[in-house]
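Residue strings, one per chain:
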Amino acid sequence: MQIQNDLLLRAAKGEKVERTPVWLMRQAGRILPEYRAVRESVSGFIELAQTPELAAEVTIQPVDLLGVDAAIIFSDILVIPEAMGLPYEMVEKRGPWFPNTVSSASDLQKLRVADGANDLSYVIKAIEITKKELNGRVPLIGFAGAPWTIFAYMVEGSGSKTFSKARAMLYTEPKLSHLLLQMITDSTINYLKAQIQAGADLVQIFDSWAGILGPEQYEEFSLRYIRQICDAVNEVPKTVFAKGAFFAREAMRKLNCETIGLDWNMGISESRKMIGENKTLQGNLDPAALYGNPDQVRTATIQMMEQFKGSRHIANLGHGVYPDIDPDMVKVFIQTVKSFK
Ligand code: CP3
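Report follows, based on the coordinates.

Let's talk about the sheet that holds strand β9 (residues 313–317)
And then number 1: A sheet is described by the order of its strands in space; here 7 strands give the open sequence β1-β4-β5-β6-β7-β8-β9, paired in parallel fashion. Every other strand in the sheet has two partners, leaving β1 (71–72) and β9 as the edge strands with one partner each.
And then number 2: In this structure, strand β8 (residues 280–285) lies alongside β9, joined through 5 bridges in parallel fashion. The residue of β9 that forms the bridge with Asn-284 is Asn-316.
And then number 3: Set on the sheet, helix α11 (residues 174–198) makes contact with β4 (140–145) and β5 (202–207); between it and β4 the angle comes to about 170°.

Put into structure tokens, the structure is as follows:
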């Protein structure tokens, strides 16, 4: 199917664009009252994510309501542990929680490499429905967590400020850590390929907890596996977003991907120098900038756009949009990018 607004795909590939494309990480979610209404019609986040018709509906909401240049499939990075045999729960106001975690070789033996199309058929179905309903208006982004970030949740069992259990395992059980990371990597490759087969036009890898590792450990326990994924998945453009990995920017230059996501701690011109001209950069407005009034949001957005001017860019925030942001300020951000000359 021909995509009418393909700005995102052209910008990712470094082709000419009339204007910079814009979307927001976590655009499908609690910022929209329309999302909360759908969410209240089911028992919780997981049921919503596992009901393909509803997942497709909330995926498309930000395209209709906010005017973004891409949809991102409504799901979560934690569907991979579940598909490998480690289910999660989403605890209201607290976030993800795993009744069982991985701490030994025998825990590992209970897990399997996920087959994307079968074990995650509900996401695949949601992508197929979304593609049909989008009818080529904008591209659909598929995604997965980076192996290290998924490992962190599987070992820790929940979110954490330090992920000290997960980081401890890298020191105390490096072999076991690598075995688990490889299983996650193989599952993720299967999953991303199934998403692409179902219609995802671009895929993004979220390494949300990149920033809690040191540079050497990041290379050994994260980048190595991201590299495997990038080398294995070549059907569509890829984006790697490693939050807090300022120390890995030079290494990212050589990754087999089209786009690198920047968080708002990363300076734009220094990032461009480290990553080079041959990649598109995505980001990176501080999500907190959207707490400002319309003039302040416009000023902050223009300031960001000026710094990316003249080089390959996809506009976004430096991390997911915060759930209590006023959707009108999201619209100001989007409109400012769209009218930037
Ligand atoms: O971007 C989108 O709009 C698509 C949907 C999406 C969700 N999660 C839906 C969601 C995406 C891309 C994610 C990715 C995700 N999930 C990441 C990587 C990005 C990042 O933020 O760093 C991570 C670390 C997770 C894990 C996760 N899921 C946490 C920590 C939480 C709880 C905290 C929170 O933000 O609510 C979730 C829950 C979650 N995932 C919600 C949504 C819409 C909220 C659930 C609800 O509706 O109650």
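So that's the structure; there's more coming.
Re the site of the ligand
And then number 1: Every one of the 22 residues lining the ligand counts as a neighbour, but Arg-30, Tyr-35, Arg-39, Ser-208 and His-319 are closest to it.
And then number 2: Ala-28 places a polar main-chain atom, nitrogen or oxygen, 2.8 Å from an oxygen atom of the ligand.
And then number 3: One of the side-chain N or O atoms of Tyr-35 is found 2.5 Å from an oxygen atom in the ligand.
And then number 4: Relative to its unbound accessible area of 870 Å², the ligand is 88% covered by the protein chains.
And then number 5: Here the ligand is seated within the largest pocket.
And then number 6: Mapped by element, the contributors of at least two residues to the shell around the ligand are α2 (33–40) and β3 (95–97).
And then number 7: Partitioning the shell around the ligand into residue classes produces 13 nonpolar, 5 polar and 4 charged.

Rules of the game
- Residues numbered from 1 in each chain as written.
- Predicted model: local features only at pLDDT ≥ 70, side-chain atom pairs only at ≥ 80, totals over all residues.
- Heavy atoms only, no water.
- Pairing = 2+ DSSP bridges.
- Helix = DSSP H or I, 4+ residues; strand = E, 2+ residues; numbered from the N terminus.
- Contact = heavy atoms within 4.5 Å.
- Axes fitted to C-alpha atoms, helices over the stretch in contact; angles between N-to-C directions.
- Near = heavy atom within 4 Å.
- Polar contact = N/O pair within 3.5 Å; in protein donor to acceptor, adjacent residues only side chain to side chain.
- Areas by Shrake-Rupley, 256 points an atom, 1.4 Å probe, with all protein chains shown as cover.
- 1 Å grid on protein atoms, 1.4 Å probe; cavity = no way out; pocket = protein on both sides within 12 Å on 5 of 7 lines; lining within 4 Å.
- Sits in = over half its atoms within 2 Å of the grid points.
- Nonpolar A, V, L, I, M, F, W, Y, C, P; charged D, E, K, R; others polar.

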